[in-house]
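Secondary and tertiary structure notes
Spelled out, the chains give:
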Amino acid sequence: MRNTLRLVTALALILLAGVPLARAGEGFGRLTVDEVSSRIGQKDFYVFDNNSHERWAKGHVPSARWVDYSNVTAADLPADKEATLVFYCGSEQCTACHKAAATAIKLGYKKVHIMPAGIAGWEKAGKKTEPGA
């Protein structure tokens, strides 16, 4: 009984702290900053920034394309449904990338991921950004 109570208490604290838990059935994977960084430039690997356009212009993950997380269309994404797509937003507390990734899955993409750390995690890891136009 005590172990159950401790587990319930720990889960409640996690939820209250706003730590995102993996959800069954999300349909998309999660990549770390280092995993994304190591794959930039690879064939059929695309990164999408779901922050405001102004934030993207200030500095984004190299090669990342900006896309409005609430209005992702097939025209925003590569034609190849087998391409690897990675979406990111501001930080682990932001869920814009979750919505964009879910839309990509609905559009028929098979290899969809998010980078939960977002641009904040990218910069915290000392990774370079590039400005947008």
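In what follows, the accompanying structure is described. By convention here, each chain's residues receive numbers from 1 onward along its written sequence. It should be noted that, the model being predicted, local features are given only for residues of pLDDT at least 70 and side-chain atom pairs only at 80 or more, the latter also being counted only at that level, while totals for whole chains, interfaces and linings use all residues. Neither water nor hydrogens contribute to the side-chain values; these are computed over all heavy atoms in the structure.

Description of the pattern of salt bridges
Where charged atoms from two side chains of opposite charge approach closely, those side chains can pair. One side-chain nitrogen of Lys or Arg within 4 Å of one carboxyl oxygen of Asp or Glu is enough to make a salt bridge. One pass over the structure, following the stated rule, counts three salt bridges. Between Asp-34 and Lys-127 there is a salt bridge, with the nearest N and O atoms lying 3.2 Å from each other. In this pair, Asp-34 is assigned in helix H2 (residues 33-39) and Lys-127 in the segment after helix H5 (118-124), connecting sequence segments 93 residues apart. Classification of residues uses two cut-offs on accessible area relative to the type maximum, computed with a 1.4 Å probe and protein chains only: under 20% is buried, over 50% is exposed, and between them is partly exposed. With relative accessibility at 25%, the residue Lys-127 sits in the partly exposed group. Close ionic contact of Lys-43 with Asp-44 constitutes a salt bridge, the shortest N to O distance being 3.7 Å. By the criteria applied, helices consist of DSSP H or I runs no shorter than four residues and strands consist of E runs no shorter than two, each listed in order from the N terminus.

Looking at the environment of Trp-56
Position of Trp-56 among the secondary structure elements: in helix H3 (residues 53-58). For Trp-56, a relative accessible area of 12% translates into the label buried. Placed 75 residues apart in sequence, Trp-56 and Pro-131 show a C-alpha to C-alpha distance of 7.2 Å.

As for the side chain of Asp-49
When you line up the elements, Asp-49 lands in strand S2 (residues 45-49). Here, residues are in contact when the closest pair of their heavy atoms is within 4.5 Å. Setting aside chain neighbours within four positions, we find Asp-49 in contact with Trp-56, His-60, Ala-64, Arg-65, Trp-66, Val-67 and Tyr-88.

Considerations on helix H4 (residues 96-106)
Residues of H4 that are buried include every one of Ala-96, Cys-97, His-98, Ala-100, Ala-101 and Ala-104, and no others. Packed against the buried residues of H4 are strand S1 (29-30), strand S4 (84-88) and strand S5 (111-114). Just past H4, the residue Gly-108 takes up positive phi, approximately 105°.

What about the sheet that holds strand S3 (residues 65-66)?
Strands sit in the order S1-S5-S4-S2-S3 across an open sheet of five strands; the sheet is parallel. Taken across any chain shown, the strands that pair with only one partner, and hence form the sheet edges, are S1 and S3. For two strands to pair, DSSP has to find at least two bridges joining them.

A look at the state of the cysteines
Two cysteine sulfur atoms form a disulfide, by the criterion used here, when they sit within 2.5 Å. Taken as a whole and assessed by the stated rule, the structure comprises zero disulfides. Here Cys-94 stays free of any disulfide, with the sulfur of Cys-89 as its closest cysteine sulfur at 3.0 Å. No disulfide involves Cys-97; its sulfur sits 3.5 Å from the nearest other cysteine sulfur, which is in Cys-89.

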